[in-house]
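Close look at the chain arrangement
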Amino acid sequence: MDHLQAMRVFTRVVDANSFTLAADSLGMPRATVSTIIRKLEKHLGARLLNRSTRRLSLTPDGASYYERCTGILADVDDAESSFRDRARGPRGRLRIDAPPYLARLVLMPRLCEFHRRYPDIELVVGMSDRVVNMVQGAVDCVLRIGELRDSTLIAKRIGVFRTLTCAAPSYIERYGKPERIEDLGRHRAVNYFLARTGRTVDWSFQVDGEIVNLPMKSSLSVNDAEACVSAGLSGFGMIQPPRYMVEPYLDSGELIEVLEPWAPPPMPISIVYQQSRHLSSKVHVFVDWITEVFQGCVLMEKCRGNYPLDQDCRFACEGEMTNGLQEIMERQNLLESAF
C-alpha cells in the first residue's frame with residue numbers, strides 16, 4: 001500500500017465529506033477510493049470513518065489520524081514547493097474567503113495589485129455570509145472579525161471592527177437625539193434579524209465597562225446590512241452598523257453618530273490561516289500583502305483609533321466570554337451582507 005497516497009485519499013474524503021466528491025477531485029473511480037480507505041483501516045487496525053447512507057463522520061481514531069495526516073502532507077507539500085518556488089516564485093491556487101462588504105470595500109479594489117506582483121497565483125475569492133470551515137472548504141485564508149477561539153488556526157490582526165449607533169438628520173429632526181441609554185425607549189430602530197433563525201439581534205452598548213444588550217422597538221427589520229444602512233440613511237430609524245460601512249456618510253453629515261460614550265468596544269479584524277510548521281509561500285505572501293493593504297487603508301485607519309495592531313493573535317479568547325460579547329460575536333459572524 002502506498003501510505004502517502006492513502007493519507008491523501010483519506011484527508012480528501014474527510015474534507016469533501018463524500019467518497020464520490022473525493023474520487024472526482026482525485027480523478028479516481030469511487031470504488032478505488034473506497035478500497036484504499038478499507039485497506040488503510042485494516043492496516044491501522046482502527047475504524048477511521050462512520051459511514052451511513054446520508055453522511056460521513058470521523059471516529060475518535062479517525063479525527064486523531066486526520067490531524068496527523070494533514071500535518072504530514074503539509075510538510076511534504078511545503079518541502080516540494082519550497083524548491084519549486086525558489087526558482088519560479090509563489091504559484092498555485094489560493095482560496096480566500098472574506099465578508100462581502102469588507103471584501104468589496106477593501107480587498108477587491110486592490111486585488112489586481114497582488115496579481116501583478118504574483119502573476120502565477122490563481123486567486124479564488126469567496127464572499128461568504130457564514131463562518132467558513134477552512135478544512136472542509138479547502139480555504140487557505142479567511143478574513144474574520146472578533147477574538148477567535150479555534151486553537152488549530154493562526155490569526156494575524158490587521159484591522160479593527162467598530163460598531164456605532166447613528167441616525168439620519170431627518171430622523172433626529174423628527175424624534176430628537178438620544179442623549180442617554182434611558183432615552184432609547186422613545187426611539188425606533190432599523191433592526192437586523194438572523195436569516196438562519198429569524199431571531200432579531202439586540203443592540204449592544206458598553207455601560208460602566210459592561211456590555212449591555214437591549215431589544216429595540218422597530219417598524220422595520222432586515223437581514224441585509226446594506227439594506228439596513230440604506231433604511232437608516234432614509235430616516236426610517238436609528239441603526240447600529242459597522243463603522244467601516246458608514247464612515248463616508250458620517251463625514252458627509254448624512255448620518256450622525258449618537259450615544260458615542262456607550263459604543264461597544266472595538267474588536268480585531270484578522271487574517272486567519274491554518275497552523276503549519278512551514279507556511280506555504282503563496283499564503284505567506286498574501287498574508288504580508290493584505291496586512292499592508294489594511295494598514296495603508298485610510299478608512300481602516302479612521303476606524304482603528306488607538307487600537308493596537310502590532311501583534312499576532314493565537315486566539316487569545318480562550319476563556320469564557322460574557323453573554324454580551326457572545327452576542328456581538330454572533331452578530332459579527334452571521335451578518336450576511338456586512339461580514
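Preceding this section is the structure that the text describes.
If you're wondering where the values come from, they're calculated on a predicted model, not measured in any experiment.

1. Section: the pattern of salt bridges
Taken as a whole and judged by the stated rule, the model has 10 salt bridges. Put simply, Asp-120 and Arg-91 hold a salt bridge, and the shortest N to O gap is 3.1 Å. Within this pair, whereas Asp-120 is found in the loop between α6 (111-117) and β4 (121-127), its partner Arg-91 is found in the loop between α4 (60-88) and β3 (92-98), the two being separated by 29 residues in sequence. Two residues, Glu-122 and Arg-93, come together in a salt bridge whose shortest N-O distance is 3.1 Å. Note that Glu-122 is positioned in strand β4 and Arg-93 in strand β3, a separation of 29 residues in sequence. Judged by its relative accessible area of 42%, Glu-122 is partly exposed. What you see here is one network of salt bridges that share partners, running through Arg-110, Glu-113, Arg-117 and Glu-292.

2. Some points on unusual backbone geometry
What you tend to see is this: most non-glycine residues have negative phi, and most peptide bonds are trans. Positive phi, normally seen in glycine, also occurs at Asp-208, with a value near 55°. Within the fold, Asp-208 resides in the loop between β9 (203-207) and β10 (210-214). On the basis of relative accessibility, which here comes to 76%, the residue Asp-208 falls in the exposed class.

3. Some words on helix α2 (residues 19-26)
Along α2, the residues classified as buried are Phe-19, Ala-22 and Ala-23. Seen end-on, α2 carries its buried residues on one side only, within an arc spanning 100°. Where α2 is buried, its residues meet α1 (3-16), α3 (30-44), β1 (49-51) and β2 (56-58). Its side-chain oxygen at 3.2 Å from the backbone nitrogen of Thr-20, Ser-18 defines the N-terminal cap of α2. Just beyond α2, the residue with positive phi is Gly-27, at close to 70°.

4. A word on the nonpolar core
One finds Tyr-244, Phe-286, Ile-290, Phe-294 and Met-300 to be the most contacted residues of the largest nonpolar core, which totals 48 residues. The element that contributes the greatest number of residues to this core is helix α10 (residues 281-295), accounting for eight residues. Formed by 21 residues, the second largest nonpolar core is a distinct cluster that contains Met-7, Phe-19, Ile-36 and Leu-40.

5. Notes on the side chain of Lys-282
For Lys-282, the position within the fold is in helix α10. A polar atom in the side chain of Lys-282 sits 2.5 Å from the backbone oxygen of Arg-93.

6. Thoughts on the pairing of strand β5 (residues 141-145)
Buried residues dominate β5, accounting for five of its five residues. Of the two faces of β5, the one carrying Cys-141, Leu-143 and Ile-145 and the one carrying Val-142 and Arg-144 are both buried. Two elements, β3 and β5, share two bridges in a ladder whose sense is parallel. Bridging from a neighbouring strand, Asp-97 pairs with Val-142 of β5. Of the pairings in the sheet, the one linking β5 to strand β13 (residues 267-274) comprises five bridges and is antiparallel in character. Along β13, the bridge assignment pairs Cys-141 with Tyr-273.

7. Quick word on the environment of Ile-121
With respect to the element layout, Ile-121 can be found in strand β4. According to the relative accessible area criterion, Ile-121 is buried, its value standing at 3%. Spatially, the C-alpha atoms of Ile-121 and Gly-89 are 9.3 Å apart, while their sequence positions differ by 32 residues. Other than its neighbours up to four places away in sequence, Ile-121 contacts Pro-90, Arg-91, Gly-92, Leu-94, Phe-114, His-115, Lys-282 and Val-285.

8. Quick word on the packing of α1 against α2
Two elements in contact, α1 and α2, have axes separated by 8 Å at closest approach and are oriented at 125°. Here α1 lies oblique to α2, going by the angle between them. The way α1 lies across α2 gives a crossing that is right-handed. Between α1 and α2, the contacting residues are Val-9, Arg-12, Val-13 and Ala-16 on the first element and Phe-19, Leu-21, Ala-22, Ser-25 and Leu-26 on the second. Of the residues assigned to the contact of α1 with α2, the class counts are seven nonpolar, one polar and one charged.

9. Some remarks on α3
Compared with the 21 Å implied by 1.5 Å per residue over 15 residues, the 21 Å span of α3 between its first and last C-alpha is a close match. Taken as a whole, α3 has its buried residues at Val-33, Ser-34, Ile-36, Ile-37, Leu-40 and Glu-41. When α3 is viewed along its axis, its buried side chains cluster within an angular range of 160° and face the same direction. Across α3 from its buried face, at more than 90 degrees, point the exposed residues Ala-31, Lys-39 and Lys-42. Gly-45, located one to two residues past α3, shows a positive phi value of around 70°.

Definitions and cut-offs
Residues numbered from 1 in each chain as written. Predicted model: local features only at pLDDT ≥ 70, side-chain atom pairs only at ≥ 80, totals over all residues. Heavy atoms only, no water. Salt bridge = Lys/Arg side-chain N within 4 Å of Asp/Glu carboxyl O. Helix = DSSP H or I, 4+ residues; strand = E, 2+ residues; numbered from the N terminus. Buried < 20%, exposed > 50% of the residue type's maximum accessible area, 1.4 Å probe, protein only. Arc of directions from axis to C-beta. Contact = heavy atoms within 4.5 Å. Polar contact = N/O pair within 3.5 Å; in protein donor to acceptor, adjacent residues only side chain to side chain. Core = buried A, V, L, I, M, F, W, Y, C linked by side-chain atoms within 4.5 Å. Pairing = 2+ DSSP bridges. Axes fitted to C-alpha atoms, helices over the stretch in contact; angles between N-to-C directions. Parallel < 35°, antiparallel > 145°, perpendicular 65-115°, else oblique. Left-handed = near helix turned anticlockwise from the far one by under 90°. Nonpolar A, V, L, I, M, F, W, Y, C, P; charged D, E, K, R; others polar. Expected span 1.5 Å × (residues − 1).

What is shown is where atoms sit, not what they do.
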